[in-house]
Amino acid sequence: MAEHIKNTFESAGQGHVFSFWDSSSQDERSQLLKNLEDIDVERVNKIFKTATSVAPSAAQDSIAPLPESSFDTTRKDPAKVKAWEEKGLQLMGQNKVAVILLAGGQGTRLGSAEPKGCYDIGLPSGKSLFQLQGERILKLQKLATKYSDGKEVIIPWYVMTSGPTRKATETFFEKHNFFGLRPENVIFFEQGVLPAFTPDGKIFLESKTTPAVAPDGNGGIYAALDRQGVISDLERRGIPYVHAYCVDNCLVKVADPVFIGYCVGKNADCGAKSVPKAYAEEAVGVICYRNGKPGVVEYSEIDKELAAQKNENGDLVYNAGNIANHFYTTEFLRRVKSFEHQLEYHIAHKKIPHVDLQSGEKIKPTATNGIKLELFIFDVIPFTERFAVLEVPRAEEFSPLKNATGSDSPETSRNDILAQGKRYVEAAGAKVAADVKVEVGPLASYGGEGLEELHGVDIKESVALLTEEDVRKLKQ
């Protein structure tokens, strides 16, 4: 095995990683081989070459708004939305839908040492982000039984962690009994890493036995899905459709049947949700057409005058804010491997600690000395054959948790969920007194359904409706 790995790296021009082989102990050699086993050196060479051969620049690109054929909204036609929802629930009833969660981030900016999904945003129920999302899946499985011919409905949940978060995430799920889901249908896998490179493409060694690596970005999900058997598991289960989202959005409609039904109806191989931008300079990417293909232009890349353009209705022309919320066919996810080497990995110039290959001394640079590469989840969009975008209301579906205080904080997340709960019960015909807070938990209602019993009820005190039973008791 040692000779095979050495030959592979030497043939790829990366034989320097064995610089200390002759002077190493047997344990050190074993450690080096174990660390190199996980690196597909030919793949990473291709990625480096593609990323550094042409520096992508939106300023030089041809940017155009989304064509109407690839775009729709939930705002205008309730009957159409209802039809999409029913189609999505039918597919779930046939066990044809799965969910992928991007949950590799830590809650460092929140002042937490736990994975971000474990975070308690301060709801009356004390539910974490993981629990809110798990219970939404549980509720959908129940709603979809209407279309299952009496069979059990299963929506598998594939949870992508990172090296630092995997054990803590698995422990949290076990401690909370997988939030009522069957453990065999909650599958954990791990985000990948890529080596750090010198400017001329040589892999840095962090130590004599360890290559320097860094997470490969949220777009690394595609390689991880293939490498860790998730795509094979989807195929084994006969699941053709997947919803993927990020853990930090407390309002996310997990496995949203409306979105699933819409994308399948469009025969899309990839889809994305968008929200209207709050203002031209908002720090979100824009879903648009770039050089004749669908894609995302980051807010830092788009020309300010272009971003500020408005149409005859006074709306922003480039208004489709990207929220990292995607639909895929399993077939498309399988196909990503065939074009991965063409993807535009993003270059980050960094200070990379390493060992000197001659002396073996550790060097901690004071200036930028190397390159880390990462892929964004939207970087596959230009390679889709049939792309679809669904605009959804921000207040109902997008409230990210990023900061400890201020905007996008636990306070804004909590307030957005409580405001939604109040809207749900008022839409059902309840009367809610001013300053009264209403939490409607996922087990009580996925999206406002099942609250009709509250018609005419006066809610004068803050309340947490966490189950269908809580709704019935409030009616009494």
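All values derive from a computational prediction rather than experimental measurement.

About the cut-offs
Residues numbered from 1 in each chain as written. Predicted model: local features only at pLDDT ≥ 70, side-chain atom pairs only at ≥ 80, totals over all residues. Heavy atoms only, no water. Helix = DSSP H or I, 4+ residues; strand = E, 2+ residues; numbered from the N terminus. Contact = heavy atoms within 4.5 Å. Phe/Tyr/Trp six-rings, centres within 6.5 Å; stacked < 30°, edge-to-face > 60°. Buried < 20%, exposed > 50% of the residue type's maximum accessible area, 1.4 Å probe, protein only. Lys NZ or Arg CZ within 6 Å of the ring centre and 35° of its normal. 1 Å grid on protein atoms, 1.4 Å probe; cavity = no way out; pocket = protein on both sides within 12 Å on 5 of 7 lines; lining within 4 Å. Points joined across faces, edges and corners; volume = space filled by probe spheres on them. Nonpolar A, V, L, I, M, F, W, Y, C, P; charged D, E, K, R; others polar. Salt bridge = Lys/Arg side-chain N within 4 Å of Asp/Glu carboxyl O. Polar contact = N/O pair within 3.5 Å; in protein donor to acceptor, adjacent residues only side chain to side chain. Lys, Arg positive; Asp, Glu negative; His and termini not counted. Axes fitted to C-alpha atoms, helices over the stretch in contact; angles between N-to-C directions. Parallel < 35°, antiparallel > 145°, perpendicular 65-115°, else oblique. Left-handed = near helix turned anticlockwise from the far one by under 90°.

Caption draft 1: Quick peek at the environment of Phe-398. Along the chain, Phe-398 falls in the loop between helix H12 (394–397) and helix H13 (410–427). Separated by 179 residues in the primary sequence, Phe-398 and Gly-219 place their C-alpha atoms 20 Å from one another. Ignoring sequence-local partners within four residues, the contact set of Phe-398 consists of Asn-249, Leu-251, Val-275 and Ile-323.

Caption draft 2: Region of interest: the packing of aromatic side chains. One pass over the full model with this rule turns up 18 aromatic pairs. Judged by centre distance (5.5 Å) and plane angle (65°), the rings of Phe-18 and Trp-21 are edge-to-face. Like Phe-18, the residue Trp-21 is buried in the burial classification. Between Phe-376 and Phe-378, the ring centres sit 5.4 Å apart and the planes meet at 50°, which makes this aromatic pair tilted. What makes Phe-378 buried here is its relative accessible area of 8%. Here a set of aromatic residues connected by ring pairs shows up, and it is made of Phe-130, Trp-157, Phe-172, Phe-173, Phe-178, Phe-179 and Phe-188. The aromatic ring of Phe-18 is capped on one face by Lys-6, whose charged end is 5.8 Å from the ring centroid.

Caption draft 3: Spatial organisation of the layout of surface pockets. Estimated volume of the second largest pocket: approximately 980 Å³. In terms of lining residues, the second largest pocket is bounded by 35 residues, among which Asp-38, Arg-43, Gly-192, Val-193 and Arg-227 are the most central. Listed by contribution, the elements that provide at least two residues to the lining of the second largest pocket are helix H2 (26–37), helix H3 (41–53), strand S6 (193–195), strand S8 (210–211), strand S9 (213–215), helix H7 (221–227) and helix H11 (330–339). Here the element with the most residues in the lining of the second largest pocket is H3; it accounts for five residues. Residue classes in the lining of the second largest pocket are distributed as 15 nonpolar, eight polar and 12 charged.

Caption draft 4: The arrangement of the pattern of salt bridges in detail. Taken as a whole, this structure holds 27 salt bridges when the rule is applied. Here Asp-233 and Arg-236 are joined by a salt bridge, their closest N and O atoms 2.7 Å apart. Placement of both Asp-233 and Arg-236 in helix H8 (residues 230–237) is noted, with a separation of three residues, approximately one turn of the helix. Take Arg-236: its relative accessible area is 60%, and that puts it in the exposed class. In this structure, Asp-248 engages Lys-402 in a salt bridge whose closest nitrogen and oxygen atoms are separated by 3.2 Å. One end of the pair, Asp-248, is in the loop between strand S10 (241–246) and helix H9 (257–265); the other, Lys-402, is in the loop between H12 and H13, and 154 residues separate them in sequence.

Caption draft 5: Highlighting the environment of Thr-169. The topology assignment puts Thr-169 in helix H6 (residues 166–175). Here the alpha-carbon distance between Thr-169 and Val-159, two residues 10 residues apart in the chain, equals 9.1 Å. Within polar-contact distance, the side chain of Thr-169 engages the backbone oxygen of Thr-165 at 2.7 Å.

Caption draft 6: Representation of the side chain of Asp-216. Examined against the element boundaries, Asp-216 turns out to sit in the loop between S9 and H7. For the buried Asp-216, which has no salt bridge, the nearest side chain bearing the opposite charge is Arg-43, at an N-O separation of 4.6 Å. Excluding anything up to four places from it in sequence, Asp-216 contacts Gln-191, Gly-192, Val-193, Leu-194, Leu-373, Glu-374 and Leu-375.

Caption draft 7: Region of interest: the packing of H8 against H11. Contact geometry for H8 and H11: axes closest at 10 Å, N-to-C directions at 150°. By the criterion of interaxial angle, the relationship of H8 to H11 is roughly antiparallel. In this structure, H8 meets H11 at a crossing whose hand is left-handed. Taken together, the residues of H11 that come into contact with H8 (itself represented by Ile-231, Ser-232, Leu-234 and Glu-235) are Thr-330, Leu-333 and Arg-334.

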